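# Chains, contacts and geometry: an overview
Given next are the chains, with one letter for each unit.
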There are 2 protein chains.
Amino acid sequence: MNNNTRFTVAIHILTLLAYCGPEPLTSEFIAGSVNTNPVVIRRILANLRQAGLVSSQGGPGGGWQLLKAPETVTLRQVFLAMEETSIFPLHSSDPNPLCPVGRTIQQALMRRFQSAQVALEQDLDRTTIAQLVQNVSEDC
Amino acid sequence: MNNNTRFTVAIHILTLLAYCGPEPLTSEFIAGSVNTNPVVIRRILANLRQAGLVSSQGGPGGGWQLLKAPETVTLRQVFLAMEETSIFPLHSSDPNPLCPVGRTIQQALMRRFQSAQVALEQDLDRTTIAQLVQNVSEDC
DNA sequence: CTTATCCGTAACCATGATGGTTGCGATATT
DNA sequence: AATATCGCAACCATCATGGTTACGGATAAG
């Protein structure tokens, strides 16, 4: 499965935005919590903005804000905002079309993988950013 | 999510073994269907053997055979045999422990991701190698 | 209007994962 | 003995990923 941490960081960012209240947070501040470079944060936030989850504002006092109530943002929405392709990639080189299995396996797998991804997304849809904020607060 | 094709190739191999009947198939023959190098095939088959799904035999006339009826082998078993770590990796560098969110987010995420993975596996468990063989046959 | 912030984005780099390849020893069949 | 096949280590090219620098543009504060 995918080996990048963008989904994890995206959730982290949104949880932080929800936790720290309505004031805008700068990418530098967020990077301090995530422990990475501000540009990495902005790259991910660009996707979240494209998905309508956050807005950005330049200049002093600027930064990033949530556009939706944390109760209404599910992990599924975040997952989709990251534009991951498929959770399971197919063959790196196309299989042998002269083999009955090679000729047909990819189409069959695409259907199965799609089904699995739907199941995954349905589970992700059951968790909201608000719930994660709740978790953090409990831990204090 | 993970970006490797081992799961896909593993399913391909097992489907081929089930489709081509009980005679052993060589890694070279399998590689011809998958369109890759025999060593790549053997690497994946080593995992499947470790999981008790196939057996291997050296020497002329040797090769690989299924150890279980295709009706009893689900995609979940294949998935687990590949020993993928977690479908969603956590941060590459640990988040800031001085931040309330950074300090607690990983544990919360591990729980959520675990839940999502269970949902995924449950869906994978609904498909057997026999069903994939059926798909191939229909297509002929 | 000038200055200090802050975002937006391109470009580059180091690192690691992945798949492909070669080589050779071990094993089993004939 | 000869052949076919696995087992496995070693190496390599390619690519994805995250980190970093750099710089232009926009905006708020004074």
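That block above? That's the structure.
Read on for an overview of the structure. (Residues numbered from 1 in each chain as written. Chains lettered and ligands numbered in written order. Predicted model: local features only at pLDDT ≥ 70, side-chain atom pairs only at ≥ 80, totals over all residues. Heavy atoms only, no water.)

## Let's talk about the overall build of chain A
When you go through chain A residue by residue, the secondary structure sums to six helices and two strands. When its helices and strands are written in sequence order, chain A yields α-α-α-β-β-α-α-α. Taking 14 Å as the expected radius of gyration for a compact globule of 140 residues, we find that chain A reaches 19 Å, considerably beyond that expectation. Residue burial in chain A is summarised as follows: out of 140 residues, 49% are buried. (Helix = DSSP H or I, 4+ residues; strand = E, 2+ residues; numbered from the N terminus. Rg over C-alpha atoms; globule rule 2.2 N^0.38 Å. Buried < 20%, exposed > 50% of the residue type's maximum accessible area, 1.4 Å probe, protein only.)

## A look at the environment of A:Leu80
All names here are of chain A. Inspection of the secondary structure puts Leu-80 in helix H4 (residues 75-81). Judged by its relative accessible area of 40%, Leu-80 is partly exposed. Considering only alpha carbons, one finds Leu-80 and Cys-20, 60 residues apart in sequence, at a separation of 24 Å.

## Here we look at the protein's contact with DNA strand D
Residues in close proximity to DNA strand D total 30 residues, the closest being A:Thr5, A:Thr36, A:Gln57, B:Ser27 and B:Arg49. The sugar and phosphate moieties of DNA strand D supply 64% of its atoms located within 4 Å of the protein. Within the backbone of A:Thr5, a nitrogen or oxygen atom sits 2.5 Å from a phosphate oxygen of DNA strand D. B:Arg42 places a polar side-chain atom, nitrogen or oxygen, 2.8 Å from a base nitrogen of DNA strand D. Those elements that provide at least two residues to the surface near DNA strand D are helix H3 (38-50) of chain A together with helix H3 (38-50), strand E1 (54-57) and strand E2 (63-66) of chain B. When residues in the surface near DNA strand D are grouped by element, the largest group, four residues, is from H3(B). (Near = heavy atom within 4 Å. Polar contact = N/O pair within 3.5 Å; in protein donor to acceptor, adjacent residues only side chain to side chain.)

## Digging into the relation of the copies chain A and chain B
In screw terms, the move from chain A to chain B is a rotation of 180 degrees and a rise of 0.0 Å along the axis, fitting with an RMSD of 0.0 Å. Each copy turns onto its partner about a two-fold axis. (Least-squares fit on C-alpha atoms with pLDDT ≥ 70 in both.)

## Regarding the environment of A:Leu25
All names here are of chain A. Positionally, Leu-25 belongs in the loop between helix H1 (6-19) and helix H2 (27-34). Residue class for Leu-25 comes out buried when judged on its relative accessible area of 9%. Measuring from C-alpha to C-alpha, the distance between Leu-25 and Ser-56 comes to 9.3 Å, with 31 residues separating the pair along the chain. The contact partners of Leu-25, leaving out residues within four places of it in the chain, are Leu-16, Leu-17, Cys-20, Ile-30, Gly-63 and Trp-64. (Contact = heavy atoms within 4.5 Å.)

## Description of helix H5 (residues 100-124) of chain B
Over its 25 residues, H5(B) runs 37 Å from end to end, which matches the ideal 36 Å to within 8%, given 1.5 Å per residue. Helix geometry: H5(B) is bent most strongly at B:Gln106, by close to 30 degrees. (Expected span 1.5 Å × (residues − 1). Bend = angle between axes of the 7 residues up to and from the residue.)

## Considering the protein's contact with DNA strand C
Residues in contact with DNA strand C amount to 29 residues; listed here are only the nearest, A:Arg49, B:Thr5, B:Thr36, B:Arg43 and B:Gln57. In the model, a phosphate oxygen of DNA strand C is placed 3.1 Å from a nitrogen or oxygen of the A:Trp64 side chain. Counting only elements with at least two residues in the surface near DNA strand C, the list comes to H3, strand E1 (54-57) and strand E2 (63-66) of chain A together with H3 of chain B. Among the elements that line the surface near DNA strand C, the one with the most residues is H3(A), at four residues. Among the residues making up the surface near DNA strand C, the classes are represented as seven nonpolar, 17 polar and five charged. (Nonpolar A, V, L, I, M, F, W, Y, C, P; charged D, E, K, R; others polar.)

## Details of unusual backbone geometry
All names here are of chain A. In this structure, Asn-35 takes a positive phi of about 70 degrees despite not being glycine. In this fold, Asn-35 is placed in the loop between H2 and H3. A relative accessible area of 41% places Asn-35 in the partly exposed class.

## Here's the deal with the state of the cysteines
Tallied over the entire structure, the rule returns zero disulfides over all chains. Here A:Cys20 stays free of any disulfide, with the sulfur of B:Cys99 as its closest cysteine sulfur at 6.3 Å. (Disulfide = S-S within 2.5 Å.)

## As for the nonpolar core
If you look at the biggest cluster of nonpolar residues, it comprises 82 residues, and the most contacted ones within it are A:Leu48 and B:Leu48. Apart from the residues within four sequence positions on either side, B:Leu48 is in contact with B:Ala10, B:Leu14, B:Leu53, B:Val54, B:Val78, B:Ala81 and B:Met82. (Core = buried A, V, L, I, M, F, W, Y, C linked by side-chain atoms within 4.5 Å.)

## Remarks on the interface of chain A and chain B
Every contact between the two is made by 56 residues of chain A and, on the other side, 55 residues of chain B. Both sides of the chain A and chain B interface together cover about 4,600 Å² of buried area, and 65% of this is carbon and sulfur. Put simply, chain A and chain B have zero salt bridges between them. Counting the contacts that link chain A with chain B gives 16 residue pairs in polar contact (both at pLDDT 80 or more). Where the side of chain A that touches chain B is concerned, the elements lending two or more residues are H1, H2, H4, helix H5 (100-124) and helix H6 (129-138) of chain A. Counting residues per element, the side of chain A that touches chain B draws most heavily on H5(A), which supplies 16 residues. Residue composition of the side of chain A that touches chain B, grouped by class: 28 nonpolar, 21 polar and seven charged. (Buried area = accessible area lost by both parts, 1.4 Å probe. Salt bridge = Lys/Arg side-chain N within 4 Å of Asp/Glu carboxyl O.)

Treat this as a map of the structure, not an account of what it does.
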